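Below, each chain spelled out in residue letters.
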Amino acid sequence: MNVPSEHLFFLSAGLFSLGVLGFLVRRNVIVTLMCVELMLNAANLAFLAASRMHSTPESLDVQGPVFSIFVITVAAAEAAVGLALVIALYRLKQSVETDSASEMKG
Amino acid sequence: MPPSPSHAWLWWIPLLPLIGSVLCGALHLATLSARKRDPQAKGPAGLAPLIACAAMAGALALAVKGLFDLRALDAAARILNSTSWEWITVGDPRQPWFEVDLRLVLDPLSSTLGLVITGVGLLIHIYASGYMKGDAGYAKFFAYLNLFVFAMLMLVLSSSLLGVFVGWEGVGLCSYLLIGFWYEKGWPAEAAQKAFITNRVGDACFLIGSFLLLRLFGTLDMHEIVARMGADFRLDAVSDDVKLNIALAALFLFGGCCGKSAQMPLFTWLPDAMAGPTPVSALIHAATMVTSGIYLVVRLNPLFASSPAVMTLISGVGVATALIGGSTALVQRDIKKVLAYSTVSQLGYMFLGLGTGAFGAAVFHLVTHAFFKALLFLGAGSVIHGMHEEQDMHKMGGLRKHMPQTFATFLAGAAALSGLPLMSGFFSKDEIIAHTFNSGGVYYAFWIVGGLTAAMTAYYTWRMVALTFFGPERFDHHHVHPHESPAVMTVPLMVLAVLSVFGGVLGLPPVFHVAHVLNDWLAPVVAPGVAILNQLHPHEHLSHATEWVLLGLGAAVALAFAHTGFRTYSAGPEPDLAIGRGAPGVAAFLGDAWSIDSAYSRVVILPLRVFAFVVRFIVDQVVIDGLVNGAGSLAKNFALRARGMASGQLDAYALWMGGGAAVISLWWMWS
Amino acid sequence: MSELLFYAMCVIALLGGLGVIFSKSPMGSVLSLLGSFFALAVIYLLAGFHFMAAVQILVYAGAIMVLFLFVIMLLNLGALGTRFELSAAPLNSTRSRIAASVAAVVGLAGLIAVQSASLPRIAQGGAPERVDDINQIAIALFGRYSLPFQAVSVLLLTTMVAVLVLAKRRTRESGQ
């Protein structure tokens, strides 16, 4: 595929900003976590695009995929823990709104 | 400086009173707790006067020894140095840029004054042991008195102007402590403060004068300065700039004298200082402290002599003060106030004499004045004591029957003060008047005013005698029983009476063809100044005929006005009341010392009070406190608002984080 | 041909992102995100990352999104008839405005970064057909990057424990 790397990066930037927007706007905690996943995906795309950019047929740049694997793993862990917290929060507050728990104010 | 051996014993002269002061102070503090429990307990406080008088006697003995030692020396080299300590050294120790040594010097002038201080001081101490008996602060009083004598001795014995200043401040402090001795009454504390603050103005001038001297001569050692302006000094060989500086230094030092010796602009504290116990008035405000100014001028006589303008100013201020003091004393009812204004007036005479170049005459008058004024004050104290603290002369009268010894000695003092012929005061005052007449020019006007003041002096002195000791008894016989004072108070009176009457032998005028003892004695000290005066405008001595005329004139004026004053008031105080009715404005004006004090209240004190008010309420409360407290409340308000940021809401935190990220990106983009 | 596909997948990815934000129910958000992930997987494939495309589908779409679905269904958030939580802040509130501006700034920063960076040109013949070689990835993963690998595995272990602890139903809940 003969697509210049810039376009991949543009897509990454676009997805990332959409993720930021969603993270800041949505009030549902679960959807917020999903926006975080979106942002991480954008980052993955950026890594891979860079790796593609630096690779030549003789020496493949393998750092991009390796780092992406790590990112995916961490994202999975983070999603799991986050959702466990959501469940605990739901049990306590019977709600998953982001502003349902504000005892730490002041 | 001529190499003379150093005499360590000179240090004992001021140190004995200092030790006495410390011991009396310890005694006072030791009995403090006992007196808290029982105010009437005396305990060992009775030892205090013994300690104090012993210290004074010791100092007097040493001063007498110093006198004899000096007499044994050659006239030109009559100087005894004590051991000296290095006090201040600025710069390289071997070649210092400025240094001050602690050293005492006994020369004819300081020994004369030392004898007066210790001698009259001893008499007053003995008197005070009787006068202050029963007072709760008995030991404290003697501690303060001895401390004062120490400071005064340091003043007259120090070799350096800085040492003089230490003594100067010390006597000011003791004056404050002693004027306000009965501070519980309220007004003595105010009087003490007034004295101290007025003196402070003089002290500032003193300091400026010494700064100027330091710049001129590079040293503050008075003997050094005088030596440089001594025998080989030619005034016309000195540049005008230097002459101006010398004149300025002299002027400022004279300003200091005005403060301490209660001259024209700064005399208002002395009448108020009568709030202190009478022995204090006698010692400090008649005999010794107020004479510090005269001592300073005589000590630095070449400085003053080199500037005719300053000399004329000194005479002018002196004679004006004499007039103001004398005229005010005419209408005073309080016996101590009469004496206070009289002191102001006589000090004016001394400065008049100084301004004409008659340094020896001024010192002579200082000595005789110490005798008779101390006598008068102590006698007044005896009267007040006997009249149970009554000081208003209108309520006295006919006391000569009740207090014969006080009466006799008081007469002697009054005779000396008014200048009745052959009394000590007659000779000293006449010498000053003769010198004034001899100086010519504007001094003729001074002579006339001086004569007028002499007339007033005689008048008010004998008015005082008449109102107090003669005439009908105007006091309430049921409540007041005047009695003679105990021997411990009357014996000093008698000694001082003898000195007042016969003290004139120290300075008999030349027409008597006898040596003027004091002038000869002081000649080496005043020689530099006299030499400079002769360079400026040499004038011949008065002819014998003129002298006799002046003597006769003085005697006649004194006798005439004394007689008039006595006769007018011998029947009682009616003439005072007549004046009050007939010319109330004049009476009020005179009574308030020509309204100078009230003028000060309006012109100086009031603006200062307003300024203090402004500073306190506006600058301090509003501005400074506002700033400080405002900063505090600003921080508090800010914190309260900032606290709202920690809302506990996840959304808000997320928004802040996003905002931060945006800011960083923006910054990155724009850089 | 593949370029066209690529751009189409771009559009789908972006639309999926928008769907996450603007969907009214959480289920809709999950499905949009899934669509976005699929598109991304295709893009990876087109760009030559075969392995990564597979990992994307297996792990991301297959595990993580399923987890999200489980939780949503567990909490009964998508049931019909129940009142939905207010899903997003209203568009004209301060919050939305701030969020929009932040997102815009961040995106802009990214675009400018891309423009201003001097990216090396891809070789004349285009990128190599296959960019990720599993052999080489494995060698790198277990060789040079073995330490991060071990760390991540410990992380996964910790996560398992944490999830168990957090999500466990407390037996001593009183008076709920």
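As the structure is a prediction and not an experimental result, all values here were calculated from the model.

(A) The overall build of chain C, seen in detail. Summing up its helical and strand segments, chain C has six helices and zero strands in all. For chain C, the succession of helices and strands along the chain, N to C, is α-α-α-α-α-α. A burial count over chain C gives 38% of its 176 residues as buried. If you take every contact in chain C between residues at least 6 apart in sequence, the share linking residues at least 24 apart comes to 57%.

(B) Just the packing of aromatic side chains, in detail. All names here are of chain B. For the coordinates displayed, the defined rule picks out 26 aromatic pairs over all chains. Aromatic pair Tyr-176 and Phe-196: ring centres 5.6 Å apart, planes at 65°, arrangement edge-to-face. Placement of the pair is Tyr-176 in helix 6 (residues 161–179) and Phe-196 in helix 7 (residues 187–217), with a sequence separation of 20 residues. A residue is classified by how much of its surface remains accessible, and Tyr-176, at 35% relative accessible area, is partly exposed. Arranged with centres 5.5 Å apart and planes meeting at 70°, the rings of Phe-407 and Phe-470 form a pair that is edge-to-face. In this pair, Phe-407 is assigned in helix 17 (residues 404–418) and Phe-470 in the loop between helix 19 (443–469) and helix 20 (487–502), connecting sequence segments 63 residues apart. Of the two residues, Phe-407 and Phe-470, both sit in the buried class. In this structure, Lys-65 packs its charged tip against the face of Trp-9, placed 4.3 Å from the ring centre. Taking NZ or CZ as reference, Arg-463 lies 5.1 Å from the ring centre of Tyr-569, over its face.

(C) Representation of the pattern of salt bridges in the model. Residue and element names in this part refer to chain B. Following the criterion strictly, the structure yields 12 salt bridges over all chains and no others. Residues Arg-200 and Glu-169 are paired through a salt bridge, measuring 3.1 Å at the closest nitrogen-oxygen approach. In this pair, Arg-200 is assigned in helix 7 and Glu-169 in helix 6, connecting sequence segments 31 residues apart. Using a relative accessible area of 40% as the deciding quantity, one classes Arg-200 as partly exposed. Taking the shortest distance from any N to any O, the salt bridge between Asp-392 and Lys-395 comes out at 3.5 Å. Residue Lys-395 is classed as partly exposed on the basis of its relative accessible area, which comes to 41%. Overlapping salt bridges, with partners in common, bring together Glu-169, Arg-200 and Asp-203 in one network.

(D) Local environment of unusual backbone geometry. Residues and elements named next belong to chain B. For Ala-262, which is not glycine, the phi torsion reads 55° and is therefore positive. Checked against the element boundaries, Ala-262 lands in the loop between helix 9 (240–260) and helix 10 (269–272). Phi is positive for His-388, close to 55°, though the residue is something other than glycine. When you line up the elements, His-388 lands in the loop between helix 16 (359–386) and helix 17. Since its relative accessible area comes to 47%, His-388 is described here as partly exposed.

(E) Structural context of the confidence of the model for chain C. Residue and element names in this part refer to chain C. Mean pLDDT over chain C: 83, with 81% of residues reaching 70 or higher. Ranking the elements of chain C by mean pLDDT puts helix 4 (residues 94–116) last with 83 and helix 6 (residues 146–167) first with 93. With pTM at 0.71, the complex prediction returns an ipTM value of 0.90.

(F) Geometry of the nonpolar core. Residue and element names in this part refer to chain B. Membership of the largest hydrophobic core comes to 198 residues, with the highest contact counts inside it found for Leu-300, Leu-303 and Phe-304. Considering every element that reaches this core, the biggest residue donor is helix 16, with 18 residues. Not counting the four nearest positions on each side in its chain, Leu-300 is found in contact with Leu-161, Leu-213, Met-222, Val-226 and Leu-253.

(G) Focus on the side chain of Ser32(C). Residue and element names in this part refer to chain C. For Ser-32, the position within the fold is in helix 2 (residues 26–47). In this structure Ser-32 comes out as buried when scored by relative accessible area, which is 18%. Apart from the residues lying within four places of it in its own chain, the contact partners of Ser-32 are Gly-16, Gly-19 and Val-20.

(H) Spatial organisation of the interface of chain A and chain C. Facing the 72 residues of chain A at the interface are 89 residues of chain C. With both chains or domains summed, chain A and chain C bury close to 7,200 Å², and 77% of this area falls on carbon and sulfur atoms. There are nine residue pairs in polar contact (both at pLDDT 80 or more) connecting chain A and chain C. Here the element with the most residues in the side of chain A that touches chain C is helix 3 (residues 63–93) of chain A; it accounts for 23 residues. For the side of chain A that touches chain C, a count of residues per class yields 47 nonpolar, 18 polar and seven charged.

Here is what the cut-offs are and how they apply
- Residues numbered from 1 in each chain as written.
- Chains lettered and ligands numbered in written order.
- Predicted model: local features only at pLDDT ≥ 70, side-chain atom pairs only at ≥ 80, totals over all residues.
- Heavy atoms only, no water.
- Helix = DSSP H or I, 4+ residues; strand = E, 2+ residues; numbered from the N terminus.
- Buried < 20%, exposed > 50% of the residue type's maximum accessible area, 1.4 Å probe, protein only.
- Contact = heavy atoms within 4.5 Å.
- Phe/Tyr/Trp six-rings, centres within 6.5 Å; stacked < 30°, edge-to-face > 60°.
- Lys NZ or Arg CZ within 6 Å of the ring centre and 35° of its normal.
- Salt bridge = Lys/Arg side-chain N within 4 Å of Asp/Glu carboxyl O.
- pLDDT = per-residue confidence, 0-100.
- Core = buried A, V, L, I, M, F, W, Y, C linked by side-chain atoms within 4.5 Å.
- Buried area = accessible area lost by both parts, 1.4 Å probe.
- Polar contact = N/O pair within 3.5 Å; in protein donor to acceptor, adjacent residues only side chain to side chain.
- Nonpolar A, V, L, I, M, F, W, Y, C, P; charged D, E, K, R; others polar.

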